[in-house]
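Summary of the model geometry
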Number of protein chains: 2
Amino acid sequence: MARSSLPPGRIVPAGSNNDARGRLLDAAAQLFTEFGYEGTAVTRIAKAAGMTPANMYWHFPSKQDLLAEMLTQMYAWSHEYLVTRLPADGDPTTRLAAYVRAMVHIQIEALSESGNHSYLTLATSLEPKRREELAKQQRQFLVILKEILEDGSTAGVFALRDITVTTFAILQMCEYSFLWFRSGGRLTVEEVEDEYVALALRLVGAAPQE
Amino acid sequence: MARSSLPPGRIVPAGSNNDARGRLLDAAAQLFTEFGYEGTAVTRIAKAAGMTPANMYWHFPSKQDLLAEMLTQMYAWSHEYLVTRLPADGDPTTRLAAYVRAMVHIQIEALSESGNHSYLTLATSLEPKRREELAKQQRQFLVILKEILEDGSTAGVFALRDITVTTFAILQMCEYSFLWFRSGGRLTVEEVEDEYVALALRLVGAAPQE
């Protein structure tokens, strides 16, 4: 199920998995985001994927396995989306702009069709050990951003205060953009991305890109 | 249970409620944040509060009632903490600094003793109608911040881009500070507050307060 490219405008490609395992993951993603982890019965997931519970258990021995795999895939997709959009040899300002644009895009596109439960909320339903594994995956997004900030600081194009606090501030500002963005609202996705890029450049003390 | 002042360094004053209702709310807050809403049996809450389940149901007919009241109180306390720290007639820069300082303080102090489940996560376990009620309460924090930004823009001390996006960016940057702050780490609570104030002033395009 490795993907070399992502469908435009949708991070988690629902319906694109035609094998049984993929159909179960799609069904789980849809039901978990709508009804929450606890609010989704495993039998319902099996039914939505068009198979028997016994068949489902063959692929995923527990609901925890389904949740863990669904979240792991989501973060793997997001990570791939991000890194393919980061110019490897760009200057720090260009890389920061690309990072923010991709992260905001991931958040507001990936969550636009989901219901009440974000991936961040669902992750709290994971057993401690699985949550630790996922946290390692999530940390990659932080590491990439911190590296960009360090490069910009070294090159003298960013006037940073505390690099760690600034890294978290930018990440969290972007990560929770889905909480307020409404498709079809005042701003288009691209305009929202533009705004967040401008805000991030302010946070690092860089000259704005006009 | 109205409070005219808050205990220093603790937003949700666990153990300060000596009546049965208060003891139940304290017990619920502790257990929900440690084990989650679904992971906490009502009988366990009653036991922790030193009473029988029947006695508990007399005060709170359902676990949803307990959760809703606990969250409502938490946001009411936070709101009171915030407004008592906002200088009513201060200039926009001073008010923004006070706002950010209070919000970061609320987040990292209120969450410092809690476990795996934040109030934001717990709120997703509320029934839709109760969640709407809570959202109204949460929106107050946004309204206060937006007003400060509008005043600063009108007064010409803030050079804002999009006022709505900037409002959300500041709020979310502060709101999720608890995700990374560790007590006893490199920075003190006050130093973290200072950093966030400086970042917020950058976001609104204000002259830094040194």
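Model, not experiment: these values are computed from the prediction. (Residues numbered from 1 in each chain as written. Chains lettered and ligands numbered in written order. Predicted model: local features only at pLDDT ≥ 70, side-chain atom pairs only at ≥ 80, totals over all residues. Heavy atoms only, no water.)

1. So, the interface of chain B and chain A
The cut-off we apply is this: Contacts: residue pairs with any heavy atoms within 4.5 Å of one another. By buried area we mean how much accessible surface two parts lose on assembly, using a 1.4 Å probe and totalling the loss over both. For this analysis, a salt bridge means a side-chain nitrogen from Lys or Arg found within 4 Å of a carboxyl oxygen belonging to Asp or Glu. Pairs of N or O atoms within 3.5 Å make up the polar contacts considered here, provided that, within protein, one atom can donate a hydrogen while the other can accept it, and that residues adjacent in sequence are counted only when both atoms are side-chain atoms. What counts as a helix is a DSSP run of H or I of at least four residues, what counts as a strand is a run of E of at least two, and both are numbered from the N terminus. Note that Gly is not counted as nonpolar here; it falls among the polar residues with everything else outside the nonpolar set of Ala, Val, Leu, Ile, Met, Phe, Trp, Tyr, Cys and Pro and the charged set of Asp, Glu, Lys and Arg.
With 33 residues of chain B at the interface, the matching set in chain A holds 33 residues. Buried area between chain B and chain A, summed over both chains or domains, comes out near 3100 Å², and the portion from carbon and sulfur atoms is 58%. If you sort the residues of chain B by the area they bury against chain A, Arg161(B), Val165(B) and Arg202(B) come out on top, with a joint share of 23%. Between the two partners, chain B and chain A, sit 4 salt bridges. Between Arg186(B) and Asp162(A) there is a salt bridge; the shortest N-O distance is 2.7 Å. On inspection of chain B and its partner chain A, the count reaches 12 residue pairs in polar contact (both at pLDDT 80 or more). When contributions to the side of chain B that touches chain A are tallied by element, the ones reaching two or more residues are helix 8 (163–175) and helix 9 (189–203) of chain B. A class-by-class count of the residues in the side of chain B that touches chain A yields 15 nonpolar, 9 polar and 9 charged.

2. Comments concerning the nonpolar core
Defined as follows: Buried Ala, Val, Leu, Ile, Met, Phe, Trp, Tyr and Cys residues form a nonpolar core when they are joined through side-chain atoms within 4.5 Å. Residue exposure (1.4 Å probe, protein chains only): buried if accessible area is under 20% of the type maximum, exposed if over 50%, otherwise partly exposed.
Judged by nonpolar contacts, the single largest core of 140 residues is most densely connected at Leu96(A), Tyr99(A), Leu96(B) and Tyr99(B). Here Leu96(A) is in contact with Leu145(A), Ile148(A), Leu149(A), Phe158(A), Ile170(A), Ala200(A), Leu201(A) and Val204(A), once residues within four sequence places are set aside.

3. Quick look at the relation of the copies chain B and chain A
Operational definition: The copies were overlaid with a least-squares fit restricted to C-alpha atoms from residues scoring a pLDDT of at least 70 in each copy.
Once turned by 180° and shifted 0.0 Å along the axis, chain B lies on chain A with an RMSD of 0.0 Å. With respect to symmetry, the two chain copies, as superposed, fit the operation of a two-fold axis. Ranked by how close their C-alpha atoms come to the rotation axis, the residues of chain B are headed by Met173(B), at 2.5 Å. The fraction of interface residues of chain B whose copies in chain A are also interface residues reaches 100%, indicating that both copies meet through the same surface.

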